Amino acid sequence: MAKSNRAETAARAAQLRAEAARKDRQRTQVIAAAVAVVVVVIAVVLGVVISNRPKDAPAASGGAAALATLEKLPATVYDAAAAPAPAQAPAKVEGGAPLTQDGKPKVLYVGAEYCPFCAMERWALIGALSRFGTFSGITETTSSSTDVHPDTPTFSFKDATYTSDVVAFQAIETQDREGKPLQTLDGENLALFQKFNPGGGIPWISYGGTHATSGATVDANAFEGKTYDQIIAGIKDPSSDIGKTVTPAINLITAQICEETKGQPSNVCASQGVMSASVLLKR
């Protein structure tokens, strides 16, 4: 009887152990399935997040390359440009006297690194002056991040020098990108600025003391969100928004400087784009 009880007890224990093992396997399978579901859900969520993530903006690289291209654009680019708008033409300065430096007509630029409209106008000014001489020391920068048209890609004249046989150029960047004092406007330059630009707006550019522009002569909206690469590509494309405003402005500035240099150099001043732009200066 005792043996029978022991056998029954052993059998019952074995049955319980088997049942426990079976339940353990079931729990393991349930946990594994749950983990697999969680992994799939995480993968799906990550896939959605990645697919909906905004694409990176085009790199604002190419400042040095854009400058090098701007300084060497062929006449064919300018000859294909649209005619400039009358509003882009420098105005005659009433009572202005010839402004010279080292016996050459002088172009005087007054601006600031923070200024978005200065940022835009520098593209046209550099393009035009590069047809008469060479720059060194120009540095790339952007306009202020907190002004209108923030972070417009541009260049600074702060450390720039300019060499030409026919025209002189002087630039004063009065404030840096943060609006802090940078270069001093004084002497004859200050007197001209105050006399012919009493409102004090920048950029202000005097061409030979006889003509001047106040404010940007290019369409600010064309620069919105553009990188260096996109701006220089636009200047080369007469059908682009940039090409429709900057390249004609370059031709018109060139034509104004040609008026000051008496048509020198002739290969520049007699080019098709410049001759077409000069019609506006004679009105």
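Source: prediction; values computed, not measured.

> So what's going on with the environment of D237? Which residues, and what values?
Following the sequence through the fold, D237 ends up in the loop between α6 (228–236) and α7 (241–260). Residues D237 and V77 lie 160 residues apart in sequence; the distance between their C-alpha atoms is 7.9 Å. At 2.7 Å, the side chain of D237 and the side chain of S239 are in polar contact.

> Go over the packing of aromatic side chains with me, naming the residues and quoting the values.
Counting across every chain of the model gives 10 aromatic pairs. Summarising the aromatic geometry, the rings of W123 and Y228 are spaced 6.1 Å apart at their centres and angled 45° between planes, so their arrangement reads as tilted. Note that W123 is positioned in helix α4 (residues 116–129) and Y228 in helix α6, a separation of 105 residues in sequence. Judged by relative accessible area, which is 0%, W123 ranks as buried. For Y228, a relative accessible area of 3% gives the class buried.

> Give a description of the nonpolar core that names residues and reports values.
In terms of nonpolar packing, the biggest core is built from 53 residues, with W123, L125, F169 and I235 touching the most fellow members. Tallying contributions element by element places α7 first for this core, with 9 residues. Apart from residues lying up to four places away in sequence, F169 is in contact with V107, Y109, L125, L129, F135, F157 and Y162. Listed in part, the 10 residues of the second largest apolar core include L108, V110, L185 and A212.

> Describe unusual backbone geometry, listing the residues and the values that go with them.
Note on backbone geometry: most residues besides glycine have negative phi, and most peptide bonds are trans. The residue after I202, namely P203, is reached through a cis peptide bond having omega 0°. Looking at where P203 falls in the secondary structure, it is placed in the loop between α5 (187–196) and β9 (204–207). Across the junction of Q264 and P265, the peptide omega takes the value -5°, indicating a cis bond. One can find P265 in the loop between α7 and α8 (266–269). Backbone geometry places H149, a non-glycine residue, at a positive phi of 45°. Relative to the helices and strands, H149 is located in the loop between β5 (139–142) and β6 (153–156).

> Outline the confidence of the model for the chain, supporting the account with residue identities and numerical values.
Residue-level pLDDT values for the chain average 86, and 78% of them are 70 or greater. A low-confidence stretch, residues 30–60 (pLDDT under 50), is modelled with 6 contacts involving residues beyond four sequence positions or located in other chains.

Each value, and the rule that gives it
Residues numbered from 1 in each chain as written. Predicted model: local features only at pLDDT ≥ 70, side-chain atom pairs only at ≥ 80, totals over all residues. Heavy atoms only, no water. Helix = DSSP H or I, 4+ residues; strand = E, 2+ residues; numbered from the N terminus. Polar contact = N/O pair within 3.5 Å; in protein donor to acceptor, adjacent residues only side chain to side chain. Phe/Tyr/Trp six-rings, centres within 6.5 Å; stacked < 30°, edge-to-face > 60°. Buried < 20%, exposed > 50% of the residue type's maximum accessible area, 1.4 Å probe, protein only. Core = buried A, V, L, I, M, F, W, Y, C linked by side-chain atoms within 4.5 Å. Contact = heavy atoms within 4.5 Å. pLDDT = per-residue confidence, 0-100.

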